[in-house]
Amino acid sequence: MSPHGEKRFLTAAEPARAATEIAKSLYKIPALLSFWTRCGKPRCRCREGHLHGPYHALHWRDGAIQRRRYVRASDVPAVRAMLEKRRTERNLQRLAFALSLHSCRGLDRLVAEVEARLRAEGEDP
Ligand SMILES: [Zn+2]
């Protein structure tokens, strides 16, 4: 498949939930980036600086390859929430790991911090 054909395939033919699935299941937490673009048509308004967009895409590295998957505007809130949830979970895991490393020093303070974060997380919708 040509690079152009592959790009069309990813943007148009992929199921709508593919981006949410990637946001949820990719080992590394992908970055959600928004961008504006020029279409290249000679008479288009974007030539004068009125760019098209915003478009949204997940970006991540697959070994040496930088990959991206377009995210429909209607899927952006769900994808953003999923990424935020995963970052929070990762931070809690790191905190728990740090806690195990520092179990002999400042234990009470760290326990209180973890509990406060878990409580705050539990109260979020
Ligand atoms: Zn244009």
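Definitions and cut-offs
- Residues numbered from 1 in each chain as written.
- Predicted model: local features only at pLDDT ≥ 70, side-chain atom pairs only at ≥ 80, totals over all residues.
- Helix = DSSP H or I, 4+ residues; strand = E, 2+ residues; numbered from the N terminus.
- Buried ≥ 20, exposed ≤ 12 C-beta atoms within 10 Å, placed from the backbone.
- Contact = placed C-beta atoms within 7 Å.
- Expected span 1.5 Å × (residues − 1).
- Pairing = 2+ DSSP bridges.
- Axes fitted to C-alpha atoms, helices over the stretch in contact; angles between N-to-C directions.
- Parallel < 35°, antiparallel > 145°, perpendicular 65-115°, else oblique.
- Nonpolar A, V, L, I, M, F, W, Y, C, P; charged D, E, K, R; others polar.
- Left-handed = near helix turned anticlockwise from the far one by under 90°.
- Core = buried A, V, L, I, M, F, W, Y, C linked by C-beta atoms within 7 Å.

Chemist: What am I meant to see in the overall build of the protein here?
Modeler: The number of helices and strands found in the protein is 4 helices and 3 strands. The helix and strand sequence of the protein, counted from the amino end, reads α-α-β-β-β-α-α. Buried residues in the protein amount to 6% of all 125 residues. Of the contacts made within the protein by residues no fewer than 6 positions apart, 50% connect residues no fewer than 24 positions apart.

Chemist: For this particular structure, what's the right way to read helix α4 (residues 107-123)?
Modeler: Residue pairs spaced three or four apart in an α-helix point in one direction, given the helix's 3.6 residues per turn. The end-to-end C-alpha separation of α4 is 24 Å, in line with the 24 Å expected for 17 residues at 1.5 Å each. Buried residues are scarce in α4, accounting for 0 of its 17 residues.

Chemist: Explain the sheet that holds strand β2 (residues 52-62) here, please?
Modeler: Neighbouring strands of a sheet are bound in pairs by backbone hydrogen bonds; such pairs are parallel or else antiparallel. Read from one edge of the open sheet, 3 strands run β1-β2-β3, paired in antiparallel fashion. One side of each edge strand has no neighbouring strand; the edge strands of this open sheet are β1 (31-37) and β3 (65-71). Across the sheet, the mean angle separating the axes of adjacent strands is 40° when strand polarity is ignored. As paired strands, β2 and β3 are joined by 7 bridges and run antiparallel to one another. Looking at β3, one finds that Arg-61 is bridged to Gln-66. The strands touched by helix α2 (residues 18-25) within the sheet are β2 and β3, with β3 carrying the most contacts at an inclination of about 130°.

Chemist: Just to check I follow, could you spell out the packing of α2 against helix α3 (residues 76-101) for this structure?
Modeler: Helices that pack against each other are described as a pair by the angle of their axes relative to one another and the distance between those axes. Viewed as axis vectors pointing N to C, α2 and α3 meet at an angle of 5°, and their least axial separation amounts to 9 Å. Between α2 and α3, the interaxial angle falls into the category roughly parallel. Of the residues in α3, those touching α2 at Ala-19, Thr-20, Ala-23 and Lys-24 are Ala-78, Val-79, Met-82 and Leu-83. For the contact of α2 with α3, the per-class residue count stands at 6 nonpolar, 1 polar and 1 charged.

Chemist: What am I meant to see in unusual backbone geometry here?
Modeler: A negative phi angle characterises most non-glycine residues, just as the trans form characterises most peptide bonds. The omega torsion across Gly-53 and Pro-54 is 0°, close enough to zero to call that bond cis. Secondary-structure assignment places Pro-54 in strand β2.

Chemist: Hey, could you run me through the packing of α3 against α4 in this one?
Modeler: α4 packs onto α3 with a crossing angle of 165° between their chain directions and a minimal axis gap of 10 Å. Judged on the interaxial angle alone, α4 and α3 are roughly antiparallel. Seen from above, α3 lies across α4 with left-handed handedness. The residues of α4 that touch α3, namely those facing Thr-88, Leu-92, Leu-95, Ala-96 and Leu-99, are Leu-110, Val-114, Arg-117 and Glu-121.

Chemist: In this structure, what is going on with the nonpolar core? I would like to understand it.
Modeler: Generally speaking, a soluble globular protein has its nonpolar side chains buried in company with each other. Ala-19, Ala-23, Leu-58, Val-71, Val-79 and Met-82 together form the largest nonpolar core, which totals 6 residues. Among the secondary structure elements, those contributing two or more residues to this core are α2 and α3. The contacts of Val-79, once residues within four sequence positions are left out, are Ala-19, Thr-20, Ala-23, Leu-32 and Val-71.

Chemist: Help me out: how do you make sense of the pairing of β1 in this one?
Modeler: In summary, the side chains of a regular strand alternate between the two faces of the sheet. Taken across its 7 residues, β1 has 0 buried, putting it largely on the surface. Where β1 and β2 come together, 6 bridges link them in antiparallel fashion. Within β2, the position partnered with Phe-35 by the bridge is Tyr-55.

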